[in-house]
Amino acid sequence: MKQHDHGRSIDHGRVLVVEDSEEDAEAIQRALAQTHPDLRLEFANRGEHVVAGLLEADELPGLVLLDLNMPGAGGHTLLAAIRSHPEFSAVTVVVFTSSTAPAEVDACYAAGADSYIYKPVNFHLFRTVLKGAVDYWQQTRIHAGSDGGAGSPSVK
């Protein structure tokens, strides 16, 4: 399903994972392959070139899973950069990180994160938490796209 935003289509079957840990990237790949095998995952292990890549793309991913603690331009910088571009407003950004500091959570929401999820160490819990986040993202976009537009009455 594709939706257009500022002249660009959003591919809701595509997820961009920005994660510098190879181990965590593999865990995300394994978890989502089990729970959402139809999703197409793309990986970036640094934040520096993500915005440039999105600006050049004809089609944007529907979801960005973003780690905060990365070398170079970290997750906070990347989140702020993504949210500074109105053409990315329909892209959902989920911070998926090992930090549980309340100030970190608040800062991410203030910067425009759609969700903040803690990465559990246990793989079963990791998969369950990630599944819940992706299920929620898929449900909210389905409901947003099926109501006929904001404020329109539903017809039965």
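In case you missed it, the structure is sitting above this.
Residues numbered from 1 in each chain as written. Predicted model: local features only at pLDDT ≥ 70, side-chain atom pairs only at ≥ 80, totals over all residues. Heavy atoms only, no water.

### Examining the pairing of strand S2 (residues 8-18)
Taking burial as the measure, the 11 residues of S2 include 11 buried ones, the bulk of the element. The pairing of S2 with strand S3 (residues 40-44) spans 5 bridges and is parallel. Counted as the bridge partner of Val17 is Phe43 from S3. With helix H1 (residues 22-35) bridging S2 and its parallel neighbour S3, the resulting β-α-β unit is right-handed. (Buried < 20%, exposed > 50% of the residue type's maximum accessible area, 1.4 Å probe, protein only. Helix = DSSP H or I, 4+ residues; strand = E, 2+ residues; numbered from the N terminus. Pairing = 2+ DSSP bridges. Right-handed = clockwise from strand over helix to strand, strands pointing away.)

### Observations concerning helix H3 (residues 75-83)
By the burial criterion, the buried members of H3 are Gly75, Leu78, Leu79 and Ile82. For H3, the arc enclosing every buried residue in end-on projection is 100 degrees, short of the 170-degree limit, so these residues lie on one face. Here the buried face of H3 lies against S2, helix H2 (50-56), strand S4 (59-66), strand S5 (92-97) and helix H4 (102-110). (Arc of directions from axis to C-beta. Contact = heavy atoms within 4.5 Å.)

### Remarks on the nonpolar core
Val18 and Leu66 are the most contacted members of the largest nonpolar core, which totals 23 residues. When contributions to this core are tallied by element, the ones reaching two or more residues are S2, H2, S4, H3 and S5. Not counting residues up to four positions away in its chain, the partners in contact with Leu66 are Val18, Gly75, Leu78, Leu79, Val93, Val94, Val95 and Phe96. The next biggest cluster of nonpolar side chains, apart from the first, holds 17 residues, and it includes Ala27, Ala31, Phe126 and Trp137. (Core = buried A, V, L, I, M, F, W, Y, C linked by side-chain atoms within 4.5 Å.)

### Section: the pattern of salt bridges
Any two side chains of opposite charge can pair, so long as their charged atoms come close to each other. Under the criterion given, the structure shown has 8 salt bridges. As a salt-bridge pair, Lys119 and Asp24 come within 2.9 Å of each other at their nearest N and O atoms. With Lys119 in the loop between strand S6 (115-118) and helix H5 (123-146) and Asp24 in helix H1, this residue pair connects regions lying 95 residues apart in the sequence. One salt bridge connects Asp135 with Lys131, and the closest N-O pair in it is separated by 2.6 Å. Of the two residues, Asp135 and Lys131 both sit in helix H5, 4 residues apart, roughly one turn of that helix. On the accessibility criterion, Asp135 (25% relative accessible area) is partly exposed. A single network of salt bridges, built from pairs that share partners, joins Glu19, Asp24, Asp67 and Lys119. (Salt bridge = Lys/Arg side-chain N within 4 Å of Asp/Glu carboxyl O.)

### Regarding the pairing of S6
Pairing between S5 and S6: 4 bridges, direction parallel. Bridged to Val95 within S6 is Tyr116. In this fold, S5 hands off to H4, which returns the chain to S6; that crossover is right-handed.

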